[in-house]
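Letter by letter, the chains look like this.
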Amino acid sequence: MAFPTHRPRRLRKTAALRSFVRETHVAPSDFVYPIFVSETLTARRPIGTMPGVFQITVDEAVAEAKELRSLGIGAMILFGLPKTKDAQGSGACDPNGPVARAVSAIKDAVPEIVLITDVCVDEYTDHGHCGILRPVRGRPGELEVDNDATLEVLARSALVHAKAGADVVAPSDMMDGRVGAIRAILDGEGFEDIPILSYAVKYASAFYGPFREAADCAPKFGDRAGYQMDPGNAREAMREAQLDVDEGADMLMVKPALPYLDVVRRVRDAFDLPLGAYNVSGEYSMIKAAAAAGMIDEKRAVLELLTSIRRAGADFILTYHAKDAAKWLNG
Ligand code: PBG
């Protein structure tokens, strides 16, 4: 019955036809480019595990924003590398810290780009965990992340970012209740119009490895499995997303992207908020390493994987490939 009436190859005959019937499109305006702003550097420093990515100075952040804008990239997300760290991650709340300074400089110079700030304490704690520590009950000498004590620091950090001029704040810590805590402080201080992009579904992933060099935030002991999600869990992802929606999240994110495209699709189908996926550092480094070794065609691989993330249901993609991909897409 179906053959020869139906010949799907008819629509694959020419590049023009293929492009005309393509279901999923990727555009530079879908991209969010992550930057690492250092308070101590005087010139950019390459990140060894992420070829093409740099830690940059506050001044260079403005130039970076201009370049992103000229490429048509929709947004950037800022991570900070402070001068000093302590157990409480106090640097995360410093109004003169690298993120706050870069945000206000960019806001003045390039007001058209969407400025997102990553809200977390791991770049600011000397132990590298995404929260404040406390002794574990009944286990002398052991420490664990204190969820509720961390909420207060996260909320104050988000407020500092909003005051500096951030358009969106994005908590990445995975503490329970952080979206509600951040919403409450922002509303209380007159920032009821600042949206929260929640890293709602964030897995404890090996693919964050290179980022921990980039942001100098590897935990000094243990791992993040006590707060980030277990890779086997997808139903739990729905609960995490629902909690954040209930607490007032304006946008959701799934992270990493490629190993969790099924989760991106489930979240897409269940929630109608804008949805992002974070194509994380390890996903980037694998492509760069394979391309450098001549094992794959970087351009084709990157455009294919970005398309796959959009096809799974993400509206926007946080990706270190953003600038290269924008150049390729802009022809
Ligand atoms: C935590 C944070 C991490 C990433 C973004 N925010 C690291 C982690 O959870 O260990 C990872 C991003 C990437 O790998 O590209 N502040």
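Residues numbered from 1 in each chain as written. Predicted model: local features only at pLDDT ≥ 70, side-chain atom pairs only at ≥ 80, totals over all residues. Heavy atoms only, no water.

Regarding empty space enclosed by the protein
And step 1. Here the structure, examined in full by the defined rule, presents two cavities of 30 Å³ or more.
And step 2. As a volume, the largest cavity reaches approximately 140 Å³.
And step 3. Asp122, Lys202, Tyr208, Phe211 and Lys255 are the residues nearest the centre of the largest cavity, which is lined by 20 residues in total.
And step 4. For the lining of the largest cavity, the secondary structure elements donating two or more residues are strand E9 (197-202) and helix H6 (209-214).
And step 5. Of the residues assigned to the lining of the largest cavity, the class counts are ten nonpolar, three polar and seven charged.
And step 6. In this structure, the second largest cavity spans a volume of roughly 40 Å³. (1 Å grid on protein atoms, 1.4 Å probe; cavity = no way out; pocket = protein on both sides within 12 Å on 5 of 7 lines; lining within 4 Å. Points joined across faces, edges and corners; volume = space filled by probe spheres on them. Helix = DSSP H or I, 4+ residues; strand = E, 2+ residues; numbered from the N terminus. Nonpolar A, V, L, I, M, F, W, Y, C, P; charged D, E, K, R; others polar.)

Let's talk about the packing of aromatic side chains
And step 1. Throughout the structure, instances matching the rule amount to eight aromatic pairs.
And step 2. Ring geometry for phenylalanine 36 against phenylalanine 79: centres 5.4 Å apart, planes inclined by 25°, an arrangement best described as stacked. Taken as a pair, phenylalanine 36 in strand E1 (residues 31-38) and phenylalanine 79 in strand E4 (residues 75-81) lie far apart in primary sequence, 43 residues in all. With respect to burial, phenylalanine 36 and phenylalanine 79 carry one shared label: buried.
And step 3. Ring geometry for tyrosine 278 versus tyrosine 320: centroids 6.1 Å apart, planes at 40°, classification tilted. Linking tyrosine 278 in strand E11 (residues 275-279) with tyrosine 320 in the loop between strand E12 (316-319) and helix H11 (322-329), this pair joins segments that are 42 residues apart in sequence. Here tyrosine 278 matches tyrosine 320 in class, with each residue buried.
And step 4. Pairwise contacts between aromatic rings join Phe36, Phe79, Tyr199, Phe211, Tyr278, Tyr284 and Tyr320 into one cluster.
And step 5. Here the guanidinium or amino end of lysine 202 rests over the ring plane of tyrosine 208, the centre of that ring lying 5.4 Å away. (Phe/Tyr/Trp six-rings, centres within 6.5 Å; stacked < 30°, edge-to-face > 60°. Buried < 20%, exposed > 50% of the residue type's maximum accessible area, 1.4 Å probe, protein only. Lys NZ or Arg CZ within 6 Å of the ring centre and 35° of its normal.)

Overview of the side chain of histidine 321
And step 1. The residue histidine 321 is located in the loop between E12 and H11 in this model.
And step 2. Ignoring anything within four residues of it in the chain, the contact list for histidine 321 reads Asn279, Tyr284, Ile287 and Val302. (Contact = heavy atoms within 4.5 Å.)

Examining unusual backbone geometry
And step 1. Cis geometry marks the peptide bond from lysine 255 to proline 256; its omega dihedral reads -10°.
And step 2. The residue proline 256 is located in the loop between strand E10 (251-255) and helix H8 (261-270) in this model.
And step 3. Residue methionine 174 is not a glycine yet carries a positive backbone phi of 70°.
And step 4. Structurally, methionine 174 can be placed in the loop between strand E8 (168-171) and helix H5 (178-188).
And step 5. Classification of methionine 174 as buried rests on a relative accessible area of 4%.

Let's talk about the layout of surface pockets
And step 1. Computed from the structure, the largest pocket encloses a volume of approximately 400 Å³.
And step 2. Around the largest pocket, the lining residues are Arg22, Thr24, His25, Val26, Lys299, Arg300, Leu303, Glu304, Thr307, Ser308, Arg311 and Leu329.
And step 3. It is helix H10 (residues 298-312) that contributes the most residues to the lining of the largest pocket, seven residues altogether.
And step 4. Taken together, the residues of the lining of the largest pocket break down into three nonpolar, four polar and five charged.
And step 5. What the second largest pocket holds in volume is close to 290 Å³.
And step 6. In this structure, the second largest pocket is lined by 17 residues; those nearest its centre are Val145, Met175, Gly226, Tyr227 and Gln228.
And step 7. Listed by contribution, the elements that provide at least two residues to the lining of the second largest pocket are strand E7 (143-145) and helix H7 (235-246).
And step 8. Here the lining of the second largest pocket is built from residues that sort into eight nonpolar, four polar and five charged.

Re the environment of glycine 232
And step 1. Topologically, glycine 232 is positioned in the loop between H6 and H7.
And step 2. Expressed as a C-alpha distance, the spacing of glycine 232 and alanine 184, which sit 48 residues apart in the sequence, is 32 Å.

As for helix H9 (residues 281-292)
And step 1. With twelve residues, H9 extends 16 Å from end C-alpha to end C-alpha; this agrees with the ideal 16 Å at 1.5 Å per step.
And step 2. When you tally the buried positions in H9, you get nine out of twelve residues, the bulk of the element.
And step 3. Taken together, the buried positions of H9 are occupied by Ser281, Gly282, Glu283, Tyr284, Ser285, Ile287, Lys288, Ala290 and Ala291.
And step 4. Packed against the buried residues of H9 are H6, E11, H10 and H11. (Expected span 1.5 Å × (residues − 1).)

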